[in-house]
Amino acid sequence: MSASVLYDAPGPKARVRNRIYAVAGTVAIVALLAVSVLRLSDKGHLDPAMWDIFNYAGIRQNIADALLATLKAFGLAAVGSLVLGVALAVARLSDKAPVRVLATGFIELFRSIPLLITIYAVWVAFLTDYSLWALAIGLSIYNGCVQAEVLRAGVNAVPKGQREAAYALGMTKTQVMTTVLMPQAVRAMLPTIISQLVVTLKDTSLGFVILYPELLYSARLIASNTQVNGQYPYVSTIVVFGAIYIALCLALSALATWIEKRGRRAKTGIAVPDAAAKEIVLIADAGQALGNNTGGPDGPGITKN
Amino acid sequence: MNVLLDHFPEFRDGFIGTVSITAVSSVIALVLGVLVAGFRVSPVPPLRFFGTLWVNLLRNTPLTLLFLVSFFVVPEIFFPGMSPFVLGALALGFYTSAFVAEAVRSGISTVPLGQAEAARSLGMTFSQTLRMIVLPQATRTVLPPLSSIFIALTKNSAIAGAFSVTELFGWTTLMSEQGYAIGPIFVWVAAAYLVVTFSISGIFRVLERRMEVAR
Amino acid sequence: MKLRKTAAVAVAVLALTATACGGKEGSAGDKPAVKPGDSSAPQLPKYIVATDVSLDSPTFKKAKERGKLIIGSKADQPYLGFEDQATKERSGFDVEIAKMIAAELGFTEDKIEWKTVDSKLRETAISTGQVDYYVGTYTINDKRKAQVGFAGPYYKAGADLLVRKDETAITGPETLKGKKVCSITGSTPLQEIKKPEYGAQTTELAKYSDCVQQLLTKQVDAVTTDDSILKGYAAANAGKLKVVGKPFTEEPYGIGMNKDDKVLRTKINDTLEKYVKDGTYKKIYEATLGLSGSAYVAPPAVNRY
């Protein structure tokens, strides 16, 4: 841990103090949890019957359908955002000023507008009957802009000499971009790209606003259409669906970590300067995956020397 | 028929709503985030574990789900009767605190190794080292990422609009349901968000300049 | 990161349990308080399925050819237009009215295909022929008449207030000063309540069930919308909630269908008149919305325009 430089190996006094803190902290957290659990169980939310609803085939079928719907929207949005991302990145790096300006404007505009509003506008304006496509397109536009910035940074990080060498070999601009720059940019930025995909996956939950039957929409329907002991099972439904989301996101993040580790072992490709990569990720989305981008789970920094 | 002129009071309310929920949840996120970052680097294992759990849990949950939690689970446990604004600000603040914590933590690790060592050799404790040596310096590196985090927070506040908080997304749906074309609505709302996000990055740029040290 | 690996395993397990199904059959949660077969309970009428129906209506002919009648309805309004999430069975007042009409058109229950259509999408769903007809709290007004045809009205609803059973202070909209009132975003009764002369605090949520949950947990003091919807929730939460019973707007419900299909409209109007006269309509009311404790009111006269 990078933290270890911040304090000495604890001596006898410090150890006692740490132990006291540890106990106090644990007690505080456990007490908070206990109060929550107690209150919830007081109100009947932890009654076995509340959770039993997930043992019914019909409800499970519902969850499976919703999971599929979420993954479908995510799949479309992932492909869409990557394609759009590559296109916008290339356009922004173009030699032609109008193309460059247009791409920059597009990226800046849609990155500064809440995704929810983009999705809603696409839905109302064009695709009221096709909420899947409205959701996928809205997600693609926003995340495509972010991916474009990620890729652009990746392209810029390729050493200048490579580009010059490629031109010297007589390659055309397109060839240089597709065979020299892009592959390396994608490779270098893969962890960041996947982190952004995690964000995309989470954002599919915005589909409930445009009535797309994804996981969260179905969660709300289950919670509102089932009564247990005269109460609506909001708490159990939220916990179950929360677990599904967290599991999905962690699985995708795990993929990012794995790819990153593999990349590091191979020792090929270009190294992206830590600071640059961090900045991009932050621009990408509120620092999603700050911890698991460059430098691995321990974070970049002083422990490496 | 101009949407903005016809419904300017609502638009103004929405704009103020967006700004105020952003401000309130920024404060919550900042306080919690710094605290959790402190937990994550602290010498006390349970606190470290709690910090890691906090960050991983919140970062991997859709914000919409957090809103559901804060509207339907939290009132069952603590203080029933909180207003939607407070509940929304809590959800946004908690979500963003995980990102703030990560930014602060990586800021802490950019402070040169020797500084912490020097502080320790002067006999400073962990909290003294953090408070007097590391955090003030980390602030400088943390500012740019924090700026992006707060811009993201501004945009995320739109989700609060679907949960009874008066803000710009609420205005968008209201106007669209009253039959106005979505194009102009979208343009005006976009402009309003641009104003907010530009102000945030402006404020941070000023802060950065003031914190700059001649090296 | 051990956490991540665990999560990946959890995903696999969840996916398996979700898709492998199995689990219990039937409806999850509470069984209805009134069991069919109780001699004291109001019984749903049986509809006699007409044979050899022939109508010179394009909608009807298309349905006949298809062998199935597609009816649009809502899914999340208990005792009105409701879909059990475990069994996928539909029930409620609107659903029964729709079934009654289907029987008169010669379609048995297994020949009906239900389609959940949200309020915002009704006009497009009907005018593009995605549903043959639509029964679901569909207020007749002139703006809608330009796009769809309306049979009926079959029920005269009006905005009302739903409160907790022990509430005595709220007796009508004029008693709402300082009270918290919930409704869905942008709904008409809420716009009315928002007027300064009432002095109420308003909460706007995405779904009525969210409002009802907030009412049950005492986050709000009243819920406002059409009394039919409120009666449904009062019936589902019998003993906990009641409808104030002083409607302050008028919302005549119609059955939406293709604008130009006059023959079908006449047929449905005839059906409504016939079943109101022979008491079937009243039986439907008593077995559904009537369970809320609100007394039966004869429907308004059919309007043949």
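Everything numeric in this text was worked out from a predicted model, so none of it was measured. (Residues numbered from 1 in each chain as written. Chains lettered and ligands numbered in written order. Predicted model: local features only at pLDDT ≥ 70, side-chain atom pairs only at ≥ 80, totals over all residues.)

### Remarks on the overall build of chain C
Okay, so step 1: When helices and strands are counted, chain C shows ten helices and 13 strands.
Okay, so step 2: Across the 305 residues that make up chain C, the buried fraction comes to 45%.
Okay, so step 3: Within chain C, residue pairs in contact and separated by at least 24 positions form 73% of the contacts whose partners lie at least 6 positions apart. (Helix = DSSP H or I, 4+ residues; strand = E, 2+ residues; numbered from the N terminus. Buried ≥ 20, exposed ≤ 12 C-beta atoms within 10 Å, placed from the backbone. Contact = placed C-beta atoms within 7 Å.)

### Topic: the overall build of chain A
Okay, so step 1: Within chain A, the regular secondary structure consists of eleven helices and zero strands.
Okay, so step 2: In sequence order, chain A lays out its α and β elements as α-α-α-α-α-α-α-α-α-α-α.
Okay, so step 3: Relative to its 305 residues, chain A shows a buried fraction of 51%.
Okay, so step 4: Sequence-distant contacts in chain A: of pairs separated by 6 or more residues, those separated by 24 or more amount to 74%.

### Notes on the nonpolar core
Okay, so step 1: Membership of the largest hydrophobic core comes to 231 residues, with the highest contact counts inside it found for Leu116(A), Ile119(A) and Leu162(C).
Okay, so step 2: The leading source of residues in this core is helix H10 (residues 234-266) of chain A, at 15 residues.
Okay, so step 3: Viewed by domain, this core spans two of them, domain 1 (58-156 + 253-292) and domain 2 (159-243) of chain C, each represented by three or more residues.
Okay, so step 4: Leu162(C) has contacts with Leu215(C), Ala222(C), Val223(C), Leu230(C), Tyr233(C), Ala234(C), Leu241(C) and Val243(C), leaving out every residue within four places of it along the chain. (Core = buried A, V, L, I, M, F, W, Y, C linked by C-beta atoms within 7 Å. Domains from an automatic or database assignment.)

### Let's talk about the interface of chain A and chain B
Okay, so step 1: Contacts between the two partners involve 57 residues from chain A, matched on the other side by 58 residues from chain B.
Okay, so step 2: Counting only elements with at least two residues in the side of chain A that touches chain B, the list comes to helix H1 (12-42), helix H4 (97-112), helix H5 (115-125), H10 and helix H11 (274-284) of chain A.
Okay, so step 3: Residues that form the side of chain A that touches chain B fall into these classes: 36 nonpolar, 14 polar and seven charged. (Nonpolar A, V, L, I, M, F, W, Y, C, P; charged D, E, K, R; others polar.)

### Considering the pairing of strand S9 (residues 180-184) of chain C
Residues and elements named next belong to chain C.
Okay, so step 1: The buried fraction of S9 amounts to four of the five residues, a majority that puts the element mostly inside the structure.
Okay, so step 2: Judged from the five bridges that link them, S9 and strand S10 (residues 201-205) form a sheet pairing that is parallel. Across the sheet, residue Lys180 finds its bridge partner in S10, namely Gln201.
Okay, so step 3: As paired strands, S9 and strand S11 (residues 222-226) are joined by two bridges and run parallel to one another. In the sheet register, Val181 faces S11, and the bridge partner there is Ala222. (Pairing = 2+ DSSP bridges.)

### Describing the sheet that holds strand S7 (residues 149-157) of chain C
Where strands meet in a sheet, backbone hydrogen bonds hold them as pairs that are either parallel or antiparallel.
All names here are of chain C.
Okay, so step 1: An order of S5-S1-S6-S13-S7 is seen for the five strands of this open sheet, with the pairing classed as mixed. Whereas interior strands pair on both sides, the edge strands pair on one side only; in this sheet they are strand S5 (112-116) and S7.
Okay, so step 2: With two bridges connecting them, strand S1 (residues 69-73) and strand S6 (residues 133-134) associate as parallel partners. The partner of Gly72 across the bridge, within S6, is Tyr134.

### Points about the UniProt feature "transmembrane region" (unreviewed entry) in chain A
Okay, so step 1: The sites that UniProt annotates as "transmembrane region" (unreviewed entry) are residues 20-41, 73-93, 105-126 and 232-259 of chain A.
Okay, so step 2: As annotated, residues 232-259 of chain A comprises 93% helix and 0% strand, and the C-alpha atoms at either end are separated by 43 Å. (UniProt positions renumbered as here; feature names shortened; annotations may be inferred.)

### Regarding the sheet that holds S10(C)
Residues and elements named next belong to chain C.
Okay, so step 1: One open sheet accounts for five strands, arranged S10-S9-S11-S8-S12; its pairing is mixed. Among the strands making up the open sheet, the edge pair consists of S10 and strand S12 (241-243). Neighbour to neighbour, the strand axes of the sheet diverge by 30 degrees on average, direction disregarded.
Okay, so step 2: The sheet contacts of helix H7 (residues 208-216) involve strand S8 (159-164), S9, S10, S11 and S12, and relative to S9 the element is tilted by about 160 degrees.
Okay, so step 3: The strands touched by helix H8 (residues 227-236) are S8, S11 and S12; relative to S12, the strand with the most contacts, the crossing angle is about 155 degrees. (Axes fitted to C-alpha atoms, helices over the stretch in contact; angles between N-to-C directions.)

### Points about H8(C)
All names here are of chain C.
Okay, so step 1: The buried count for H8 comes to ten of ten residues, which makes it a mostly enclosed element.
Okay, so step 2: Asp227, Ser228, Ile229, Leu230, Lys231, Gly232, Tyr233, Ala234, Ala235 and Ala236 are the residues of H8 that are buried.
Okay, so step 3: Those residues of H8 that are buried lie in contact with strand S2 (76-77), S7, S8, H7, S11 and S12.

### A closer look at the packing of helix H2 (residues 8-40) of chain B against helix H6 (residues 84-108) of chain B
All names here are of chain B.
Okay, so step 1: Close contact between H2 and H6 brings their axes to 6 Å; oriented N to C, the two are set at 40 degrees. Taken together, the axes of H2 and H6 lie oblique to each other. The crossing of H2 and H6 is right-handed.
Okay, so step 2: Of the residues assigned to the contact of H2 with H6, the class counts are 18 nonpolar, six polar and two charged. (Parallel < 35°, antiparallel > 145°, perpendicular 65-115°, else oblique. Left-handed = near helix turned anticlockwise from the far one by under 90°.)

### Details of the pairing of S1(C)
Residues and elements named next belong to chain C.
Okay, so step 1: The element S1 is largely enclosed, with a buried count of four among its five residues.
Okay, so step 2: Relative to S5, S1 is paired through five bridges, and the arrangement is parallel. What sits directly across from Ile70, in S5, is Glu113.

### Describing the domain arrangement of chain C
Residues and elements named next belong to chain C.
Okay, so step 1: Structurally, chain C comprises domain 1 (58-156 + 253-292) and domain 2 (159-243).
Okay, so step 2: Relative placement of domain 1 and domain 2: their C-alpha centres are 27 Å apart.
Okay, so step 3: Residue-level contacts link eleven residues of domain 1 with 13 residues of domain 2.
Okay, so step 4: The class makeup of the residues in the side of domain 1 that touches domain 2 is six nonpolar, four polar and one charged.

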